Amino acid sequence: MGFLDNLKAGLKRSREAINEIFYMGGEVDESFWEELEDTLVMGDMGAEVALRVSDDLRDQAARENLTRANQIRDALAARLAAEFPVAERDPFTDVPSCVLFVGINGAGKTTTVGKLAGRAREAGLSCIIGGADTFRAAAIEQLEVWGQRAGVDVITRERGADPASVCYEVVEEAERRGSQLVLIDTAGRLHTSSDLMRELAKVVNVTRKRSTLPVSVVLVIDATTGQNGLNQAHEFNDALDLDGLIVTKLDGTAKGGIALAISSQLGLPIYRIGVGETLDDLQTFDAREFCRALVGEGM
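About the cut-offs
- Residues numbered from 1 in each chain as written.
- Predicted model: local features only at pLDDT ≥ 70, side-chain atom pairs only at ≥ 80, totals over all residues.
- Heavy atoms only, no water.
- Helix = DSSP H or I, 4+ residues; strand = E, 2+ residues; numbered from the N terminus.
- Rg over C-alpha atoms; globule rule 2.2 N^0.38 Å.
- Buried < 20%, exposed > 50% of the residue type's maximum accessible area, 1.4 Å probe, protein only.
- Contact = heavy atoms within 4.5 Å.
- Lys, Arg positive; Asp, Glu negative; His and termini not counted.
- Charge placed at Lys NZ, Arg CZ, Asp CG, Glu CD.
- Core = buried A, V, L, I, M, F, W, Y, C linked by side-chain atoms within 4.5 Å.
- Axes fitted to C-alpha atoms, helices over the stretch in contact; angles between N-to-C directions.
- Parallel < 35°, antiparallel > 145°, perpendicular 65-115°, else oblique.
- Left-handed = near helix turned anticlockwise from the far one by under 90°.
- Nonpolar A, V, L, I, M, F, W, Y, C, P; charged D, E, K, R; others polar.
- Patch = residues over 30% accessible without salt bridge, like charges linked within 9 Å, V, L, I, M, F, W, Y side chains within 5 Å.
- Areas by Shrake-Rupley, 256 points an atom, 1.4 Å probe, with all protein chains shown as cover.
- Salt bridge = Lys/Arg side-chain N within 4 Å of Asp/Glu carboxyl O.
- Pairing = 2+ DSSP bridges.
- Expected span 1.5 Å × (residues − 1).
- Arc of directions from axis to C-beta.
- Polar contact = N/O pair within 3.5 Å; in protein donor to acceptor, adjacent residues only side chain to side chain.

A. Spatial organisation of the overall build of the protein chain. When you go through the protein chain residue by residue, the secondary structure sums to 12 helices and 8 strands. Here the C-alpha radius of gyration of the protein chain, 21 Å, is about what a compact globule of 299 residues would show, namely 19 Å. Seen along its three principal axes, the alpha-carbon backbone of the protein chain occupies a region of about 65 × 40 × 30 Å. Within the protein chain, buried positions represent 55% of all 299 residues. Partitioning the intrachain contacts of the protein chain with sequence separation of at least 6 by distance along the chain shows that 77% fall at a separation of at least 24. Between the mean site of the 32 positive side-chain charges and the mean site of the 47 negative ones, the protein chain shows a separation of 4 Å.

B. Structural context of the nonpolar core. Counting residues in hydrophobic clusters, the biggest one holds 98 residues, and the most contacted among them are Leu 183 and Phe 290. Considering each element in turn, this core owes the most residues, 7 residues, to helix H5 (residues 69-81). Sequence-distant contacts of Leu 183, defined by excluding residues within four places in its chain, comprise Phe 92, Val 99, Phe 101, Val 113, Leu 116, Ala 117, Cys 127, Ile 128, Ile 129 and Gly 130.

C. Structural detail: the packing of helix H6 (residues 109-122) against helix H7 (residues 139-150). Interhelical geometry of H6 versus H7 gives an angle of 20° and a closest axis separation of 9 Å. Taken together, H6 and H7 sit at an angle that is classed as roughly parallel. In terms of crossing hand, the pair formed by H6 and H7 is right-handed. Taken together, the residues of H7 that come into contact with H6 (itself represented by Thr 110, Thr 111, Val 113, Gly 114, Lys 115, Ala 117, Gly 118 and Arg 121) are Gln 142, Leu 143, Trp 146 and Ala 150. Each residue belonging to the contact of H6 with H7 can be placed in one class, and the counts come to 5 nonpolar, 5 polar and 2 charged.

D. Here's a closer look at a negative patch on the surface. A cluster of like negative charges, contributed by Glu 20, Asp 29, Glu 34, Glu 35 and Asp 38, occupies part of the molecular surface. Turning to its location among the elements, Asp 38 is positioned in helix H3 (residues 30-45).

E. Broad picture of the packing of helix H10 (residues 227-240) against helix H11 (residues 257-266). Where H10 contacts H11, the axes come no closer than 9 Å and their chain directions differ by 25°. As the angle between them shows, H10 and H11 are arranged roughly parallel. Crossing of H10 over H11 shows right-handed handedness. Of the residues in H11, those in contact with Gln 227, Gly 229, Leu 230, Ala 233, His 234 and Asn 237 of H10 are Ile 258, Ala 261, Ile 262, Gln 265 and Leu 266. Within the contact of H10 with H11, the residues separate by chemical class into 6 nonpolar, 5 polar and no charged.

F. A look at the sheet that holds strand S6 (residues 244-248). Taken together, 8 strands build an open sheet; the order of strands is S3-S2-S4-S1-S5-S6-S7-S8 and the sheet is mixed. Of all the strands in the sheet, just strand S3 (153-156) and strand S8 (282-284) have a single pairing partner and so form its edges. Neighbour to neighbour, the strand axes of the sheet diverge by 25° on average, direction disregarded. With 6 bridges joining them, strand S2 (residues 127-132) and strand S4 (residues 181-186) adopt parallel strand pairing. Pairing of Ala 132 across the sheet is with Thr 186, part of S4. In the packing of H10 onto the sheet, contacts are made with strand S1 (97-102) and strand S5 (215-222), and the angle to S5 comes to roughly 165°. The strands touched by H11 are S5, S6 and strand S7 (270-274); relative to S6, the strand with the most contacts, the crossing angle is about 170°.

G. Representation of H3. For H3, spanning 16 residues, the distance from its first C-alpha to its last is 21 Å, which sits close to the expected 22 Å at 1.5 Å a residue. Turning to H3, its buried residues number three or more, namely Phe 32, Trp 33, Leu 36, Thr 39, Leu 40, Gly 43, Asp 44 and Met 45. Down the axis of H3, the buried set is contained in an arc of 125°. They therefore lie on one face. Contact partners of the buried residues in H3: helix H2 (12-19), helix H4 (47-64), H5, H10, H11 and helix H12 (287-295). After H3 finishes, the residue Gly 46 shows a positive phi value of roughly 95°.

H. A look at the pairing of S2. With 6 of 6 residues buried, S2 lies mostly within the body of the structure. Taking every second residue as pointing to the same face, both faces of S2 are buried, with Cys 127, Ile 129 and Gly 131 on one and Ile 128, Gly 130 and Ala 132 on the other. As judged from the 4 bridges shared by S2 and S3, these two strands associate in the parallel manner. Paired with Gly 130 across the bridge in S3 is Ile 155.

I. Geometry of H12. When we look at burial in H12, the residues that qualify are Ala 287, Phe 290, Cys 291, Ala 293, Leu 294 and Val 295. Two to three positions downstream of the cap, the backbone nitrogen of Arg 288 sits 3.1 Å from a side-chain oxygen, assigning the N-cap of H12 to Asp 286. Gly 296, located one to two residues past H12, shows a positive phi value of around 110°.

Below you can see the structure in the form of structure tokens.
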């Protein structure tokens, strides 16, 4: 299957729930609006977003005389898409650029770094990878495998090395080489550990101060974590002042509304979404395309 097919398959759970309120011949009455709002909340979008979207659609339906449920579907996709902040720049194509990847263990940071390095190489960009995860067993080895696949050098140090020092050296080496794109993988952190978050904040601060390239801090979120992903995002944003998001594993049993909830509540753009293991399964985020897959076709 292609990327869009994988995305639609991954969002099937959310789409089927939404589709139940767009049954053939359904009328737009009070029970429809209540059911729509409940469905959006249950889809992990959050009560605030659900209420705002359903209220706006009520007004639109009154203005445009939309009286049948199936007439609302396209308007719903467009209104949901409008909730996503638009990125001012794409740190992976608007070079020179240095990107720090943060998130909890298992979110897909290392795999994402490898895929983006491969894409950069394909685009003809000079790129290096920084391995600042010096604690997790086999983290450096895994990153080096991805570097070999992408044809991109990995700059790192021995296990147990200070990650802030690694980032400093990676930035120095990038400047020496004149690299256009620097991708730095950091160790996974539990957002509930204040000590680990302070250490990560040091890594980010050192990199921001040392780099002459624009630095973006990107949170990698596993979509299958649901509402816990929103809690993660709040903690990481409070500690690090994030620039944007990458949402992975949307090919699983994810309720896709969590991507909207995090992006909307924190005002953070989504740069990429992942729907599988191959290079082509990590794509630039398109809000309207995503929301059409979430809401369904047949508008």
